[in-house]
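Understanding the architecture of this molecule
Now for the letters of each chain:
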Amino acid sequence: MRKKLFFLFTLLMVTARCVMAAEVPAPQNIYARDVQSLNGTWNYFVDVQEQGYYDYRMNPVKWGYFMNAKPKRPSDLIEYDFDKSPSMQIPSDWNTADEKLFFYEGTVWFRRLFDFQKKEGKRTLLYFGAVNYEAIVFVNGQEMGKHVGGFTPFCYDVTDVLKEGENFVVVKVDNKRHADNVPTRIFDWWNYGGITRDVLLVNVEDTYMEDYTLHLTGKTTGSIDFAVQLSKKVAGEKVTLTIPGLKVKKTVTTDAEGKASLTIAKVKPQLWSPENPKLYAVQLQHGAETIKDEIGFRTIETRGKQLLLNGKPIFLRGVCTHEETAYTNRRANCAADADTLIAWAKSMNCNFLRLAHYPHNEHAIREAERKGMLLWAEIPVYWTISWNNPNTYNNAHRQLSDLISRDKNRAAVIIWSIANETPHSNARDNFLSHLATSAKEQDPTRLISMAMEVLSASNYVNRLQDNMNQYVDVISFNQYVGWYRDVNDAKKMKWEIPYDKPVIISEFGGGAKEGLHGAAEQRWTEEFQERLYRENLDMLDKIEGLAGTCPWVLKDFRSPRRPLPEIQDYFNRKGLFSDQGKRKRAFYVLKEWYEKKKK
Ligand code: GCB
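Residues numbered from 1 in each chain as written. Predicted model: local features only at pLDDT ≥ 70, side-chain atom pairs only at ≥ 80, totals over all residues. Heavy atoms only, no water.

**Description of helix H8 (residues 426-442)**
Look at H8: 24 Å from first C-alpha to last across 17 residues, which is about the 24 Å you get at 1.5 Å a residue. Looking only at H8, the buried set comprises Ala427, Arg428, Asp429, Phe431, Leu432, Ser433, Leu435, Ala436, Ser438 and Ala439. The elements touched by buried residues of H8 are helix H7 (390-407), strand E25 (413-420) and strand E26 (447-453). (Helix = DSSP H or I, 4+ residues; strand = E, 2+ residues; numbered from the N terminus. Expected span 1.5 Å × (residues − 1). Buried < 20%, exposed > 50% of the residue type's maximum accessible area, 1.4 Å probe, protein only. Contact = heavy atoms within 4.5 Å.)

Have a look at this one:
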């Protein structure tokens, strides 16, 4: 009898666990919604063998950590206890939040208790800004779903699993690297694990405005395209768009798909630019729901080898940056974190940031937009991905779509980048051409690019040859003359880019340990890096159609691939700023060069 009961109980638990709530698209402009933050103190423990997940069928209460179980009788055996486990502030990365986990890659379980009051007629969503790399989410012991990919938002409708009063959410986070993942097993940055961005409960109307798009119509500046999508396919619903600064107030009616769109003619917005990052207050209203946003209007296009912002040629005075904080060197996650990095870039006369090598957080994008920084946004298709694996493609494609969907209303973003330094092959061309085509279909208003690599150089003539040239709008490539190639090559090197498109150098640079001085021939000195910058800038300036440069990299960043004691100590030292925010000599070289490029 006891055996039977146990079997029944186990079956019930397994079935209960399988009642999965639906994953829903992350709503556009999440921070403008009625949200309850679940940031703050979460309890956690490490589960090296993942027994809390895989062994739950044997005894869900004992092993299923998602149950957040407590002994009911003194004789009960439960071998975990979130209440007594350590806690961590979320969002964060566990590598810097707990020094014992600095190098850890594997599973950590997190739990957060929260109070909830049901709101009549409303739905509640559970939103994660990002979890690196794989998250399995449970609410009150029920599995909501699994999300793969460490840098994009995801969301569940949890209306039916929440109770009045105390609730709990448990997340199994796993940041192990795998060959078929995006990124793959090998990459040159820290594999920060954890719930690295905001967690929010979002109260929405039963039918809510799930998504909207607002931008200038193509390359014209006198009209605006607007589209809205409701969360349900209901026709005849009214949505009102107001832009007081442009004297626009228009009401649209949804079709059977729950969609509506409109072109607003005869408007004359001041155009967004780095010099004048003008944003317009925008309001959308549907039934009881109002959403406020700030939107900039600008055009971006190419003409032959020229890049045109608002119809005028522009030179992108860029720098690459990782999403890692100044001074504290942890995963950045808020506006204040982004502010410092943007200020550093601005102090070097930059007007452009390449956000390497994955989607950065939404706060950073919005902060850059407010401060007049043009942006290159990227997905982590980095080095050698499993080009032939359809799951890998789907994963990359989803990350791309989620990035585009989140940031498509940000005027600052001008380029979607689909890859970084990917060795040539037919399989790679197939994979990337599909990604590029899809990006263009999803967003025809922006430019597509990727950081290519130049492989062959003979007699000091580098000719860029990449089959992807026909799919991208901007030709970008990384090159490391003076660092991975001989330091004396820069003076002799010539570049031939046989495509009639603008050219961006998406990376160049070399390492220096801040404070280490010596001869310009001595690697790791600031003088070596300074000379490398001077010679590279002279060399690159001669490239026909050069439309921008993004040296690698704004600041020294953590990387497990950089162990050299006393120099690297697990930092990639190619920063123009040190990990403690000190300027290296090369900073001044670039600043001066960019000053000239302003004219
Ligand atoms: C590259 C990569 C970048 C690396 C850099 C380096 O080409 O795109 O992620 O960190 O080189 O420092 O070697």
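Read on for the rest.
**A look at the sheet that holds strand E13 (residues 224-230)**
Reading across from one edge, E12-E13-E16 is the order of the three strands in this open sheet, with antiparallel pairing throughout. Since the sheet does not close on itself, it has two edges, and those belong to strand E12 (209-216) and strand E16 (259-264), each with one partner. For this sheet, the mean inter-axis angle between neighbouring strands, taken without regard to orientation, is 10°. With six bridges connecting them, E13 and E16 associate as antiparallel partners. Opposite phenylalanine 226, over in E16, you have leucine 262 as the bridge partner. (Pairing = 2+ DSSP bridges. Axes fitted to C-alpha atoms, helices over the stretch in contact; angles between N-to-C directions.)

**Examining the domain arrangement of the protein**
Where interface size is quoted, it is often the accessible area lost as the parts come together. According to the domain assignment, the protein contains domain 1 (2-205), domain 2 (209-298) and domain 3 (309-597). Each of domain 1 and domain 2 has a C-alpha centre, and the two are 35 Å apart. Note on domain 1 versus domain 2: buried area summed over both sides is about 720 Å², and carbon and sulfur give 46% of it. On the domain 1 side of the contact with domain 2, Gln28, Arg33 and Glu205 bury the most area, a combined 56% of that side's loss. Where domain 1 packs against domain 2, one counts one salt bridge. A salt bridge links arginine 33 to glutamate 289; its shortest N-O distance comes to 3.3 Å. In this assembly, domain 1 and domain 2 are joined by seven residue pairs in polar contact (both at pLDDT 80 or more). When grouped by side-chain class, the residues that make up the side of domain 1 that touches domain 2 number three nonpolar, two polar and two charged. (Domains from an automatic or database assignment. Buried area = accessible area lost by both parts, 1.4 Å probe. Salt bridge = Lys/Arg side-chain N within 4 Å of Asp/Glu carboxyl O. Polar contact = N/O pair within 3.5 Å; in protein donor to acceptor, adjacent residues only side chain to side chain. Nonpolar A, V, L, I, M, F, W, Y, C, P; charged D, E, K, R; others polar.)

**Quick notes on the site of the ligand**
Contacts to the ligand come from 14 residues, most closely from Asp188, Tyr382, Glu421, Tyr484 and Lys574. Contacts to the ligand include histidine 357, whose side-chain N or O atom sits 2.6 Å from an oxygen atom. The fraction of the free accessible surface of the ligand (320 Å²) that becomes covered by protein chains is 97%. Along the lines of polarity and charge, the residues of the shell around the ligand split into five nonpolar, four polar and five charged. (Near = heavy atom within 4 Å. Areas by Shrake-Rupley, 256 points an atom, 1.4 Å probe, with all protein chains shown as cover.)

**Brief notes about the side chain of asparagine 29**
If you trace the backbone, asparagine 29 turns up in the loop between strand E1 (23-24) and strand E2 (34-37). Not counting residues up to four positions away in its chain, the partners in contact with asparagine 29 are Tyr212, Ile291, Lys292, Asp293, Glu362 and Arg366.

**Examining the pairing of strand E15 (residues 248-253)**
Inspection of the sheet shows strand E14 (residues 238-243) paired to E15 by six bridges, in the antiparallel sense. Residue pairing for E15: threonine 240 is matched across the bridge by threonine 251. Counted between consecutive antiparallel strands, the loop separating E14 from E15 contains four residues, among which lysine 247 sits at a positive phi close to 55°.

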